[in-house]
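# Survey of secondary and tertiary structure
Read off the chains here:
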Amino acid sequence: MTDPHRIMPEEDGEPMEASTGLSSSPYKVKLDVFEGPLDLLLHLIKKEQVSIYDIPIARITEQYLEYLRLMHEMDITIASDFLVMAATLIYIKTKMLLPRSPLTEDEEEDEDPRRPLVERLLEYQKYKAAAEMLWSKAQVEQAVFTRPPLDLQEAGTEIAATTYDLFEAFRRAMERLKEKIQLEIAREEVPLEEKIADLRQRLERTDRLDITALFEEARSKRELITIFLAVLELVKESVIRLVQRVAFGQIIAIKVNRSPSTTERAP
Amino acid sequence: MSGSKNDRELKAAIEALIFVSEEPITANRLAEILGDLDPEDVEALANEVMAEFNAREGGLEIRRIAGGYRMSTRPQYHEVLRRYLRTRPAARLSLASLETLAVIAYKQPITLPEIQEIRGKNSVSSVKTLLEKRLIVPKGRKPVAGRPIMYGTSKEFLIQFGLNDLSELPSIEDFEDFITE
Amino acid sequence: MSGSKNDRELKAAIEALIFVSEEPITANRLAEILGDLDPEDVEALANEVMAEFNAREGGLEIRRIAGGYRMSTRPQYHEVLRRYLRTRPAARLSLASLETLAVIAYKQPITLPEIQEIRGKNSVSSVKTLLEKRLIVPKGRKPVAGRPIMYGTSKEFLIQFGLNDLSELPSIEDFEDFITE
């Protein structure tokens, strides 16, 4: 059996890539190959050349934990699956240390504590091999070409879409909607207070503001309303007063000088 | 007729190339692809491929069209092919229609303006397509200004998506794992 | 082998239909289009068409895929065809995805937690990839707490892996031999 890892590098695997800095470590090459705790255990069993049916649990557990320590040192996020397996190994190890209960006469009840784990490993190995079989089948199919699609008009009623496609389509539409709303809110969030402060600042530099031009600065309806409200607020606070020379003409905001000694310079 | 192993392989490759080519493929082009062979030699081989293929008197033939070779069905089978094309299952719904259908399925009953609000685009033609395919049906009118028609999914929709009832539609929770990542 | 005029015509029509069909075409479908013939008779004829077509040892072959017949090029000509079509081999599935696919293929219908139990690791992203590639499809819900979605392989799976039906997969016990190595 060839090693599928070698011919097929991981594309979207779990975050297990070994980082640099430990290139001298004998573990480095292997680390980016393991995907899960079962793979790691199988590797250790192979490396130690022990029988899967008679795993020296203390030795393997020690090695397993050593790998986790190494991963930790290398800042690899250790998936919880690995920790669960570590706990399982330690549990089995402890159980094997306990003397067999002399009271138990039933053989079945006193079964090897390693057995469930061995069964899982054996089961998992089968699917690893099956994956390789699928890989070689796909290889053959990828070397085969079919006729290019003919230019035919579509007709009929049957639909080749699953509920997953339907759900995905809905999710994308909702996501787009969310983005749009966020965009609008972001635009709306030129807050009124900011607009008012902005106008006050401008009025420090000049006595009059062309309101029509001010409105034209607005990049959205929302902003236009904000500007309008800001102007109204300033009128209310008697900071400015509005003057329109002719009907439908230019509207000018004139700064109201609070100093009583100063007379208004009406246009 | 060429009998050497090499010629047999070349002829098989030529047959495969004629088959996959969307347009009639010329001898020059074949020669080029097969590794800069002499176009005349390739033409002789392609003519042999054509003669042998057509001698079978099967449902297909290779013909010289527009200076190239093309594989097609024999004219006498056009009737049966037309019958096939009429009855074949259609391809998928367009993405726009699928999305519109999804919005209706999850938000029903829903009006056209509401669909357009969610999708952010005109959905008139998609709704029309879905109505024609009987995947959606009108479900009364919404008691608001203009009393717009509300739409919902049909029994046909359930059948085509293999659902027992609407409660079987996958929910966000079902795919949550896939989404967050 | 059928030699009558009628059978020859039917076989030629079958060949033409296999050629034009975009998906593998089933014997039932062929029988229907050819005018409500007995599907078993049509299947026998289609098998003859396939045997005779393939005996030529040309660049093409007819195979049984996903329960139907499909005409395609022979794998050994892929290099020259790729050169012509300028295609690269499709992105391969990762080992993680293939492993997940293997579990689903052999254990279907199966839920995500069950897949993870066998693989001993998170399989969310693999399942998502397989769904997106349409190699697996939801197959209803498991009537247990939470009613998780069950997954199974699709027709696309059969096509992409060149299988006629799931029974063509080697039995999972056959892989036991690989274990002790």
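Rules used in this analysis
Residues numbered from 1 in each chain as written. Chains lettered and ligands numbered in written order. Predicted model: local features only at pLDDT ≥ 70, side-chain atom pairs only at ≥ 80, totals over all residues. Heavy atoms only, no water. Contact = heavy atoms within 4.5 Å. Buried area = accessible area lost by both parts, 1.4 Å probe. Salt bridge = Lys/Arg side-chain N within 4 Å of Asp/Glu carboxyl O. Polar contact = N/O pair within 3.5 Å; in protein donor to acceptor, adjacent residues only side chain to side chain. Helix = DSSP H or I, 4+ residues; strand = E, 2+ residues; numbered from the N terminus. Nonpolar A, V, L, I, M, F, W, Y, C, P; charged D, E, K, R; others polar. Core = buried A, V, L, I, M, F, W, Y, C linked by side-chain atoms within 4.5 Å. Buried < 20%, exposed > 50% of the residue type's maximum accessible area, 1.4 Å probe, protein only. Pairing = 2+ DSSP bridges. Axes fitted to C-alpha atoms, helices over the stretch in contact; angles between N-to-C directions. pLDDT = per-residue confidence, 0-100.

## Quick notes on the interface of chain C and chain B
Taken together, the contact between chain C and chain B spans 42 residues of the former and 43 residues of the latter. Across the chain C/chain B interface, buried area totals approximately 3,600 Å², and carbon plus sulfur atoms make up 62% of it. Linking chain C to chain B there are four salt bridges. Two residues, Glu15(C) and Arg56(B), come together in a salt bridge whose shortest N-O distance is 2.4 Å. Where chain C touches chain B, the interface holds 13 residue pairs in polar contact (both at pLDDT 80 or more). Looking at the side of chain C that touches chain B, the elements that each hand over two or more residues are helix 1 (5–20), helix 2 (27–33), strand 2 (68–73), helix 4 (78–85), helix 7 (124–132) and strand 5 (149–153) of chain C. Considering only residue class, the side of chain C that touches chain B consists of 23 nonpolar, six polar and 13 charged.

## Describing the nonpolar core
Ile14(B), Met71(B), Ile14(C) and Met71(C) are the most contacted members of the largest nonpolar core, which has 59 residues in total. Setting aside residues up to four positions removed in sequence, Ile14(B) forms contacts with Leu30(B), Leu34(B), Val42(B), Leu45(B), Ala46(B) and Val49(B). One finds Met133(A), Ala102(C), Leu112(C) and Leu163(C) within the second-largest nonpolar core, a separate group that totals 41 residues.

## Considerations on the pairing of strand 5 of chain C
All names here are of chain C. Within strand 5, five of the five residues are buried, leaving the element largely enclosed by the surrounding structure. Residues Ile149, Tyr151 and Thr153 line one face of strand 5 and the alternating positions Met150 and Gly152 line the opposite face, and both faces are buried. Bridge count for strand 3 (residues 110–111) against strand 5 is two bridges, and the pairing is antiparallel. Pairing of Thr111 across the sheet is with Met150, part of strand 5.

## Some words on the sheet that holds strand 6 (residues 149–153) of chain B
Residues and elements named next belong to chain B. Taken in spatial order, the three strands of this open sheet run 4-6-5, and their pairing is antiparallel. A strand with exactly one partner marks an edge of an open sheet, and here the two such strands are strand 4 (110–111) and strand 5 (136–141). Relative to strand 6, helix 5 (residues 95–107) is tilted by about 95 degrees, and along the sheet it contacts strand 4, strand 5 and strand 6. Contacts from helix 7 (residues 124–132) reach strand 5 and strand 6 within the one sheet, and its direction differs from that of strand 5 by about 110 degrees.

## Details of the confidence of the model for chain B
Residues with a pLDDT of 70 or more make up 92% of chain B, whose mean pLDDT is 87. The complex prediction reports pTM at 0.68, with the ipTM value standing at 0.72.

## Focus: the sheet that holds strand 2 (residues 60–65) of chain B
All names here are of chain B. Ordered by their spatial adjacency, three strands build an open sheet running 1-3-2, and the pairing between neighbours is antiparallel. Whereas interior strands pair on both sides, the edge strands pair on one side only; in this sheet they are strand 1 (25–26) and strand 2. Against the sheet, helix 3 (residues 39–55) touches strand 2 and strand 3 (68–73), its axis set at about 145 degrees to strand 2.

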